[in-house]
Amino acid sequence: MPNEFKPAQNNSEKLMEINVLPNESDSCGSGGCGSGCGCGTPKSASGQFIPLTAIGAAEPLRPPLDMEKLRKKLANQNGQKYWRSLEELADDSQFKELVDREFPRQAPGSWQGVSRRDFLRLMGAGLALAGLSGCARQPDEHITPYVKMPEDTLPGRPLFYATAETRNGFGRGLLVRSNMARPTKIDGNPDHPTSLGSTDAITQATLLSMYDPDRSQRVLLKGEDSQWNSFVEAVTVAVEKQKSAGGAGLRILTETVTSPTLTSQMQALLKKFPKAQWHQWEVNNRDNVKQGARMSFGRDVQTVYSLKSVKTILSLDANFLHEGPDSVRLAREFADGRRVRHDKTEMNRLYVVESTPTITGTSADHSWPLKASDIEPFTRAIAAAVGVAGAGESTFSADKRVQEMAKDLLANPGKSLVIPGEYQPPVVHALAHAINARLGAVGKSVKYTEMVEANPAVHTDSLSALVADMNAGKVQNLFILGGNPVYDAPADLKFSEALQKVSLTAHVGLYNDETASWCNWHVPQTHYLEEWSDVRAYDGTTSIVQPLIAPLYEGKSFHEILAVLLGQANRKGYEIVREYWRGKHSGDFETWWRKVLNNGVMENTTAKPVSVTAKSTFPAPTSAGSGLEICFRPDFHVGDGRYANSGWLQELPRPLTKVTWDNAALVSPATAQEQGIAQEQVIELDLGDGRITLPVFVLPGQPDNSITVQLGYGRTKCGQVGGGVGSDTYLLRTSKALWFTSGLQLKKTNDFYHLATTQHHHTIDFKTADTNVPDDPNDPTALETEHGRDVIKVIPIAEFAKDPNFFLVPAPMADEAPDETQKTYRAKRAAGENAKTEALEEKSHEGMDAANDLPSFYGPIWPSDRTGIDKNNVPTYKGVGYGGNPTPQWAMTIDLTTCIGCNACTIGCQAENNIATVGKYQTSMGREMHWIRVDRYYDGDVANPATHHQPLPCMQCEKAPCEYVCPVEATSHSVEGINEQTYNRCVGTRYCSNNCPYKVRRFNFLQYSELASPTISLMHNPNVTTRARGVMEKCTYCVQRINDARWHAEVDNRPMKDGDVVTACQQVCPTNAISFGNVVDQTSEVYKTKAEPHNYGVLTDLNTYPRTTYLARLRNPNPKLEGDGASQTDHDNSGNAAPEAAL
Amino acid sequence: MPKQPAELETEVTGGEKPSGDSRRSLRDMLTSVPQQYDPEMQNQIIGSHHTLESVTAQISDIALKRPISLGWLISMFVSLSLLALMFVSVMYLILEGVGIWGVNVPVGWGVGILSFVWWIGIGHAGTLISAILLLLHQNWRTSINRFAEAMTLMAVCCAGLYPLLHVGRHQYVYWMLPFPNTMGLWPQFRSPLIWDVFAVSTYFTVSLVFWYIGLVPDLATMRDRAKAPWLKKFIGFFALGWRYSTRHWQRYNAVYLILAGLSTPLVLSVHTTVSWDFAAGIVPGWHGTIFPQYFVAGAVYAGFAMVINLGVPLRSFFRMKDLITMKHLENCGKFMCITGNIVFYGYIMEVFTAWYSGVVFERYLTFDNRMFGPYAWSFWLLIFCNGVFIQLIWFKKIRTSIWGLYIVALVVNFAMWLERLVLIPFSLTRDYLPSSWHMYYPSFWDYATFAGTLGLFFTLFFIFVRLLPTISMVEMRELVHHEHHVDELGANDPAVTGGLKV
């Protein structure tokens, strides 16, 4: 019963004692606010006390003001010398408590059952409070904008500040946009080595977390409202008692820590209390990585990969493009190694073996599903094949794939790399280290450095030790700084039961979550956008975390909590962090500090490289258990559950399943058939003592006899959004098998559970799984080869390199014989001749010319070259811009080769354009609002299909089918070629959406935009209209950014330059797959990409002339492994890829 | 002002052979040939016993003398209950938004728009009967044209509600009208929805005027026969001072013919325009040049089915089997047979063109989705109803049996609703990009709104049958005149027929 608070009996009296309010300052009031809110209470004149009688001293119970204390306070105050009311002066937090008595609210603990309407009503009360805190003076702390000095602040002009996010302990440098002191958009800091200007979906969504109205807002004692001061006193008393024993009963539980300031504070604390202990627990703890390094090198070493010039990569169940602290950088480098143009036709090759389909697997040239327990023998086989001694034999040794892969890896010494997955056991990592050493990768594509983690403990052991001590009664005071162990600790440790044996437990976190409700004290944590801190990135680069806004609630940073333990209760995070760095820095500190804040990175802070040699002795292979295997994976979007209350992330379709708002048991088609279970059937999973029920999702590419479940769902105490969503899979997870184990028992139930997926509600018919069936015309999950829908075009790089132009010849229809041109072309190609002839060129232009001959409202608009735009003449729109500059023509190209399907663009767009979330029910009805979605198409055998991702924003058609059908001209074409949507004019007939062949228009069927939550309104981008009910909306190429850039160019009296406008999706993309710009400008990136021979438009045969086009997906399969695994050569969508076969 | 002599009023009821008493005029007695009474009126368009005043009396007395019956009260109660459901549905719709319906992306138009098209289709038969058949001198039309025209108006009322209701922002729906405004904006005239606004509003206006002009002489009769002075004044106001003068008749006939001429193209244009809502779109399954033709045929088809569905109970409840005879119903059945087969031909051609076009999207939609996709049941049911079942009409036995005809007409009305379901929302479920395909499930409120408009329709209809002459008395008298006298005195003698060809 995690919701109930069960304090230890022997301690309750003491706690009650502490809770007695201090009598010093609870002054007058009757709900007045003296801070200029206009609520009527008279303000005090400066320096002159207003007689108590004048402001409600008629209340006899209120204790009088302690004048002596006030004067003392005034004397001690630094910085701001003005004060506006007695209450503010006396004690801000107690004043708030007084307000609370006047405006009673329900305790946050009981909000779980509050209906939405009640919630909004309560938020109204919250507004009153927010207004009060909004009136409070800004702290006297200096934050430095990235490019502009604060005095440049102009209303309506955003400022950008560099800061950093801490994810799983490691830092990611950010640039945050602030509109009038409200952070409104998070993006990567281009100067930061693990961000490179990009982010991912989760980082984007941390903006919503900051404004989340469900965030913990006050200090709680046993679930009831309390005060920071009470907490400080309670803790001070408790810690004081520990002093005599050297802190033997004092424990701190943190997540992964890299913050130098926090580390120094911890060290100071451990110095003060030598017997105190620092424990760590985090779900994404990288224990395997650390233990693997220890196994290999005998010491803690951090492994840093570089894909910069790598030719061949083998991922051993590593989802390195999405998971891990370095994923954004790795994705960028991976994409840089794959970006192909007509004059650069080299690309790297990625092999993936994986225990569950990931975006790394879908981005690979070859991927094979393999049970998680088979990865180790597979790795041994690879190791043996590349010549690592002592790897031993395995069942995979004779596998052709292993032999070919090993050859490929060895063929590029120093330019090949093996990446083991962090969910694989240490021995796989040790083997990978040995393989990489054998491949000559060390020092080139693999670097070893000192640990960046301050305390590189094995988290599982650390937490187990803590639980053992708690059960033994050795722990009196436990401070949980972040994390949610009651929810996510291994089930066998029974953390919550052990927690009851501790007399004082305190939890500091963003939410009043499961752990908070099992602890005596809960202190709200500041969000990283509200606090001062510092953090190190995976490569060691240090950044200062600077706040963009004063804490919305009564949050405290970890630094301030530790300061309390250190007996420095009133120190602010700002002081602590600055003090630490002042001590580290000699010379002109202020200049250096401003520079660090401005740049967002501290120079020369990367971790020192270490020289180590991998051992080549490995533990003997363990025999894998029999029966069904279960794999635990953090959810793709809500992670280990900490982001469960983010509507953006819940509603973001998972890249492969497209499931939203739920987790499911991923089962391979063959296993589903074997077990006789159907899509969405609820199954019961038994493992050891744990038992859960989950709906089935039959996922092509999932290994047979292995079921993957996602962590992070089934939160019992979350917020309005994430509470009660999905099933809690932690119940099955034990400290002995954190990531996978066998022995899973599966029982069918007769229930079905509807999963809200955004694509393909008609799911795969698993009955056909045992045969390699051709594309079923009724099966929309298959790529539409049968129907000739050239939605995704895929070409092997070998074909492209031979003749980039071969793409121009249209393939014959599925049931038609090739015509003469096609025949000639293919025959020539088969003979290895240059097949590009003039006749061919003509042929490829035939369609375009024919289109231009048609009668049209627009006149001849489609130029006869494949860039889509006539270089010399853009006759459609003869508009002349400001100052006689030609009107730019906006266009976009999306490179499907480098798109990894990570969904970051969707959330980046959502944040920029104030896109609403609609909830599970509306999503399952097909009413999600994403302006750019990432479509997923399968191709090939259902057991291991090739998977393609295709981001789809509005195509901004030149001849837009949506425009002519609108009865009120709410959607129209701008002179710059943008298909504009005028929200104010829209009456909502939805005809435009019906007529949009790309279905990119989104309709507000109900009032989706959050207008009632004051904090959510603060988050909105002020430059984008918040859409009301009944209005159609869609991608506008971030027209607000275009207008802003145009305005700047106009002020400077210059034409707009390439790169002046960066759309939100383009900005966030880790792989730079999106090019955007003025296509008339021949020097622009978008012009160049559109001139590529593999540029194509989707559904262009409808004469829509889309401005958004795609670069065909190029893949680099190993010719010797063709047809083996999910390579693309044998599945030819366009009809072009295998010309001989087409004849 | 000429008055009908009170002593001429008779109580003539359907199945009763009139007694040849002194109340019949001398001329009638001289010229009428006693005929064997044919209870089902298989071959007649009016009971042979009818005289000039008997038709007047029989028709006008329904409104003026007949007491309110229990049956009418029950019917009215059911209709008003459905109407109340409509008010609830519409209220909820306006409060919550169009999201209470089952529409989504990609299916932006659902039961709302298909019901609009269905009602507009129902509204076709009335004007066709009154205008086109008038111009073609089909004198059998006279006993059904009045209520068919009323049915048209009521159906268009129901239809007209949907475009107002289905939009996202009801408060701005007037932006579709061209009116001078400070925004300087006009409707976007390339949009078929704007064509719709004009087509439907024109059709409604002309139909209303046509119907009203036809009513004027009858209203005068009603005025003259009403007893209560206030009623006389009330009806008299609408009778526009009609005095049966020759000049009145002359102008009346001219206006009526002109209006018939105006209405005739409208019958074809309105559903053509409605079909352009779909044909002008690029959605596979919508984008077909055959749409206008078979939409019009389908509309006439559904309209005649509704005439049968309304006429059969009407003649039975109000004992007018001698006015609306089996001949009328059979003729309606013949129309249904012709138009129904045109519609079926349309289906076949749709399939053929989908195949012949070679367009993958059309082919997929027609063969893979419509025929064998998740909504295949609806397509095959449609083919059964409109392709197979309708062929029963070829048999004279069924065509001339009340129940047979009634059941076929009911099936046709259902099938035409189904046709629009298959055509409008189900085509949208799977268009170009497979990633965006989504099923469509109408919600409770979709059905409630549709049931509500049925309530509106029947409420209006039941009020109409109680208040106004459901059959044109003027034209019936003309008919009696021709049936009884002209034939005997010498057909086509302009001196006798008053210029009207028989």
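These numbers come from a predicted model, not from an experiment.

Things to note about the overall build of chain B
Thinking step 1. When helices and strands are tallied, chain B shows 19 helices and zero strands.
Thinking step 2. Out of the 502 residues in chain B, the part that is buried amounts to 59%.
Thinking step 3. Taking contacts inside chain B between residues at least 6 apart in sequence as the whole, the part at least 24 apart equals 79%.
Thinking step 4. Accessible area of chain B: about 20400 Å², with a carbon and sulfur share of 70%.

Quick look at the overall build of chain A
Thinking step 1. A count of helical and extended segments in chain A gives 35 helices and 38 strands.
Thinking step 2. Expressed as a percentage of its 1143 residues, the buried residues of chain A come to 63%.
Thinking step 3. Expressed as a percentage of contacts within chain A between residues at least 6 apart in sequence, the contacts between residues at least 24 apart total 74%.
Thinking step 4. Taken as a whole, chain A presents about 40400 Å² of accessible surface, with 51% of it coming from carbon and sulfur.

Digging into empty space enclosed by the protein
Residue and element names in this part refer to chain A.
Thinking step 1. There is about 820 Å³ of room inside the largest cavity.
Thinking step 2. If you trace the largest cavity, you find 45 residues lining it, with Thr-166, Glu-255, Leu-510, Gln-525 and Arg-642 closest to the centre.
Thinking step 3. Looking at the lining of the largest cavity, the elements that each hand over two or more residues are strand E1 (159–167), helix H6 (201–211), helix H16 (485–488), strand E15 (504–509), strand E17 (533–536) and helix H19 (558–565).

Some words on the packing of aromatic side chains
Thinking step 1. In the structure shown here, the tally under the stated rule is 65 aromatic pairs over all chains.
Thinking step 2. With a centroid separation of 5.4 Å and an interplanar angle of 70 degrees, the aromatic rings of A:Phe231 and A:Trp521 are classed as edge-to-face. You can see A:Phe231 sitting in helix H7 (residues 228–242) and its partner A:Trp521 sitting in strand E16 (residues 521–524), a full 290 residues away along the chain. Each member of the pair, A:Phe231 together with A:Trp521, is buried.
Thinking step 3. Following the ring pairs from residue to residue traces out a cluster consisting of B:Trp118, B:Trp119, B:Phe147, B:Trp211, B:Trp417, B:Phe450, B:Phe457, B:Phe458, B:Phe461, B:Phe462 and B:Phe464.

Comments concerning the interface of chain B and chain A
Thinking step 1. Taken together, the contact between chain B and chain A spans 62 residues of the former and 61 residues of the latter.
Thinking step 2. For chain B, the biggest contributors to the area lost against chain A are B:Val105, B:Arg190 and B:Leu433; these three give 14% of the whole.
Thinking step 3. One can count one salt bridge joining chain B with chain A.
Thinking step 4. Here A:Lys999 ties to B:Asp431 by a salt bridge, and the two come within 2.7 Å at their closest N and O atoms.

A word on the packing of helix H4 (residues 111–122) of chain B against helix H15 (residues 402–423) of chain B
All names here are of chain B.
Thinking step 1. The geometry of H4 relative to H15 is characterised by a closest axis approach of 9 Å and an angle of 135 degrees between their N-to-C directions. One finds that H4 runs oblique with respect to H15. Relative to H15, H4 is oriented so that their crossing is right-handed. Contact residues: Val-111, Leu-114, Ser-115, Val-117, Trp-118, Gly-121 and Ile-122 in H4; Asn-413, Met-416, Trp-417, Arg-420 and Leu-421 in H15.
Thinking step 2. Considering only residue class, the contact of H4 with H15 consists of eight nonpolar, three polar and one charged.

Let's talk about H15(B)
Thinking step 1. The terminal C-alpha atoms of H15(B), which comprises 22 residues, lie 31 Å apart, in line with the 32 Å expected from a rise of 1.5 Å per residue.
Thinking step 2. For H15(B), the tally of buried residues reaches 17 of 22 residues, placing the bulk of the element in the interior.

Some remarks on the pattern of salt bridges
Residue and element names in this part refer to chain A.
Thinking step 1. All chains considered together, the criterion is met by 54 salt bridges over all chains.
Thinking step 2. The salt bridge partner of Arg-571 is Glu-575, with a shortest N-O separation of 4.0 Å.
Thinking step 3. We classify Arg-571 as partly exposed; its relative accessible area is 23%.
Thinking step 4. One continuous salt-bridge network, built from bridges that share partners, spans Glu-165, Arg-167, Arg-172 and Asp-200.

As for the sheet that holds strand E9 (residues 312–316) of chain A
Residues and elements named next belong to chain A.
Thinking step 1. Spatially, the four strands line up as an open sheet ordered E11-E10-E9-E12, and their pairing is parallel. Each of the sheet's edge strands pairs with one partner strand only, and the pair in question is strand E11 (366–369) and strand E12 (416–420). The mean inter-strand angle of the sheet, taken between neighbouring strand axes irrespective of direction, is 10 degrees.
Thinking step 2. Two elements, E9 and strand E10 (residues 349–354), share five bridges in a ladder whose sense is parallel. Looking at E10, one finds that Leu-316 is bridged to Val-353.
Thinking step 3. Along the sheet face, helix H12 (residues 375–386) touches E9 and E10 and points at about 150 degrees away from the line of E9.
Thinking step 4. Where helix H14 (residues 426–438) meets the sheet, it contacts E9 and E12, and its direction lies at approximately 175 degrees from that of E12.

Details of the confidence of the model for chain A
Residues and elements named next belong to chain A.
Thinking step 1. Of all residues in chain A, 75% attain a pLDDT of 70 or more, and the chain-wide mean is 78.
Thinking step 2. Every residue in residues 78–91 scores below 50 in pLDDT, and together they form 38 contacts with partners more than four places removed in sequence or on other chains.
Thinking step 3. Residue range residues 1127–1143 is modelled with pLDDT below 50. Its contacts to residues more than four positions away, or to other chains, number 52 contacts.

With respect to the state of the cysteines
Thinking step 1. Enumeration over the complete set of coordinates arrives at zero disulfides over all chains.
Thinking step 2. In this structure A:Cys1035 is not part of a disulfide, and its nearest cysteine sulfur, from A:Cys954, lies 5.5 Å away.
Thinking step 3. Left unpaired, B:Cys332 is separated from the closest cysteine sulfur, that of B:Cys337, by 13 Å.

Thoughts on the environment of B:Ser69
All names here are of chain B.
Thinking step 1. Positionally, Ser-69 belongs in the loop between helix H2 (52–64) and helix H3 (70–96).
Thinking step 2. Here Ser-69 falls in the partly exposed class, since its relative accessible area comes to 26%.
Thinking step 3. A C-alpha to C-alpha distance of 9.7 Å links Ser-69 and Phe-317, two positions 248 residues apart in sequence.
Thinking step 4. At 3.2 Å, the side chain of Ser-69 and the backbone nitrogen of Trp-72 are in polar contact.

Observations regarding the sheet that holds strand E7 (residues 277–280) of chain A
Each strand in a sheet pairs with another by means of backbone hydrogen bonds, the pair being arranged parallel or else antiparallel.
Thinking step 1. Read across the sheet, seven strands follow the order E5-E4-E16-E15-E14-E6-E7 (chain A) without closing on themselves; strand pairing throughout is mixed. Edge positions in the sheet fall to strand E5 (224–225) and E7 of chain A, since each of these pairs with one other strand and no more.

Let's talk about a nonpolar patch on the surface
Thinking step 1. A surface patch of nonpolar side chains, about 630 Å² in accessible area, is lined by B:Ile68, B:Leu70, B:Leu73, B:Ile74, B:Phe77 and B:Val78.
Thinking step 2. Residue B:Val78 is classed as partly exposed on the basis of its relative accessible area, which comes to 45%.

With respect to the pairing of strand E35 (residues 1074–1078) of chain A
Sheet faces and side chains relate simply in a regular strand, where the side chains alternate between the two faces.
All names here are of chain A.
Thinking step 1. Of all five residues in E35, five are buried, a share of seventy percent or more.
Thinking step 2. Direction of pairing for strand E28 (residues 890–895) relative to E35: antiparallel, over a ladder of five bridges. Directly across from Thr-893, in E35, lies its bridge partner Ser-1075.

Quick word on the environment of A:Ser611
Thinking step 1. In this structure, A:Ser611 sits in the loop between helix H21 (589–599) and strand E19 (628–634).
Thinking step 2. Along the sequence, A:Ser611 and A:Gly361 sit 250 residues apart, while their C-alpha atoms lie 32 Å from each other.

Some thoughts on the nonpolar core
Thinking step 1. Ranked by internal contacts, the top residues of the largest apolar core, which has 247 residues, are A:Tyr998, B:Trp119, B:Phe278 and B:Met336.
Thinking step 2. Those residues in contact with B:Trp119 that sit more than four places away from it in its chain are B:Ala155, B:Cys158, B:Ala159, B:Tyr162, B:Phe450, B:Thr453, B:Leu454 and B:Phe457.
Thinking step 3. Counting residues in each nonpolar core, the second largest holds 44 residues, with A:Leu463, A:Phe632, A:Leu694 and A:Tyr730 among its members.

So, the packing of helix H9 (residues 246–279) of chain B against helix H10 (residues 291–317) of chain B
Residue and element names in this part refer to chain B.
Thinking step 1. Direction vectors running N to C along H9 and H10 enclose 125 degrees, while the axes themselves pass 8 Å from each other. Comparing the axis directions of H9 and H10 gives the class oblique. Judged by the twist between their axes, the crossing of H9 over H10 is right-handed. Only Phe-291, Pro-292, Phe-295, Val-296 and Ala-299 of H10 make contact with H9, whose side of the interface consists of Val-267, Leu-268, His-271, Thr-272, Val-274, Ser-275, Trp-276, Phe-278 and Ala-279.
Thinking step 2. Across the contact of H9 with H10, the residue classes tally to 11 nonpolar, three polar and no charged.

A look at H6(A)
Note: α-helices contain 3.6 residues per turn, so residues at a spacing of three or four share the same orientation.
Thinking step 1. With 11 of 11 residues buried, H6(A) is to be regarded as a mostly interior element.
Thinking step 2. Taken residue by residue, H6(A) has A:Ala201, A:Ile202, A:Thr203, A:Gln204, A:Ala205, A:Thr206, A:Leu207, A:Leu208, A:Ser209, A:Met210 and A:Tyr211 as its buried positions.

Examining the side chain of A:His522
All names here are of chain A.
Thinking step 1. Residue placement: His-522 occurs in strand E16.
Thinking step 2. Overall, His-522 belongs to the buried group, its relative accessible area being 1%.
Thinking step 3. One polar contact links His-522 to Ser-216, side chain to side chain, over a distance of 2.6 Å.
Thinking step 4. Within the structure, the side chain of His-522 is placed 3.1 Å from the side chain of His-507, a separation counted as a polar contact.

Parameters at a glance
Residues numbered from 1 in each chain as written. Chains lettered and ligands numbered in written order. Predicted model: local features only at pLDDT ≥ 70, side-chain atom pairs only at ≥ 80, totals over all residues. Heavy atoms only, no water. Helix = DSSP H or I, 4+ residues; strand = E, 2+ residues; numbered from the N terminus. Buried < 20%, exposed > 50% of the residue type's maximum accessible area, 1.4 Å probe, protein only. Contact = heavy atoms within 4.5 Å. Areas by Shrake-Rupley, 256 points an atom, 1.4 Å probe, with all protein chains shown as cover. 1 Å grid on protein atoms, 1.4 Å probe; cavity = no way out; pocket = protein on both sides within 12 Å on 5 of 7 lines; lining within 4 Å. Points joined across faces, edges and corners; volume = space filled by probe spheres on them. Phe/Tyr/Trp six-rings, centres within 6.5 Å; stacked < 30°, edge-to-face > 60°. Buried area = accessible area lost by both parts, 1.4 Å probe. Salt bridge = Lys/Arg side-chain N within 4 Å of Asp/Glu carboxyl O. Axes fitted to C-alpha atoms, helices over the stretch in contact; angles between N-to-C directions. Parallel < 35°, antiparallel > 145°, perpendicular 65-115°, else oblique. Left-handed = near helix turned anticlockwise from the far one by under 90°. Nonpolar A, V, L, I, M, F, W, Y, C, P; charged D, E, K, R; others polar. Expected span 1.5 Å × (residues − 1). Pairing = 2+ DSSP bridges. pLDDT = per-residue confidence, 0-100. Disulfide = S-S within 2.5 Å. Polar contact = N/O pair within 3.5 Å; in protein donor to acceptor, adjacent residues only side chain to side chain. Patch = residues over 30% accessible without salt bridge, like charges linked within 9 Å, V, L, I, M, F, W, Y side chains within 5 Å. Core = buried A, V, L, I, M, F, W, Y, C linked by side-chain atoms within 4.5 Å.

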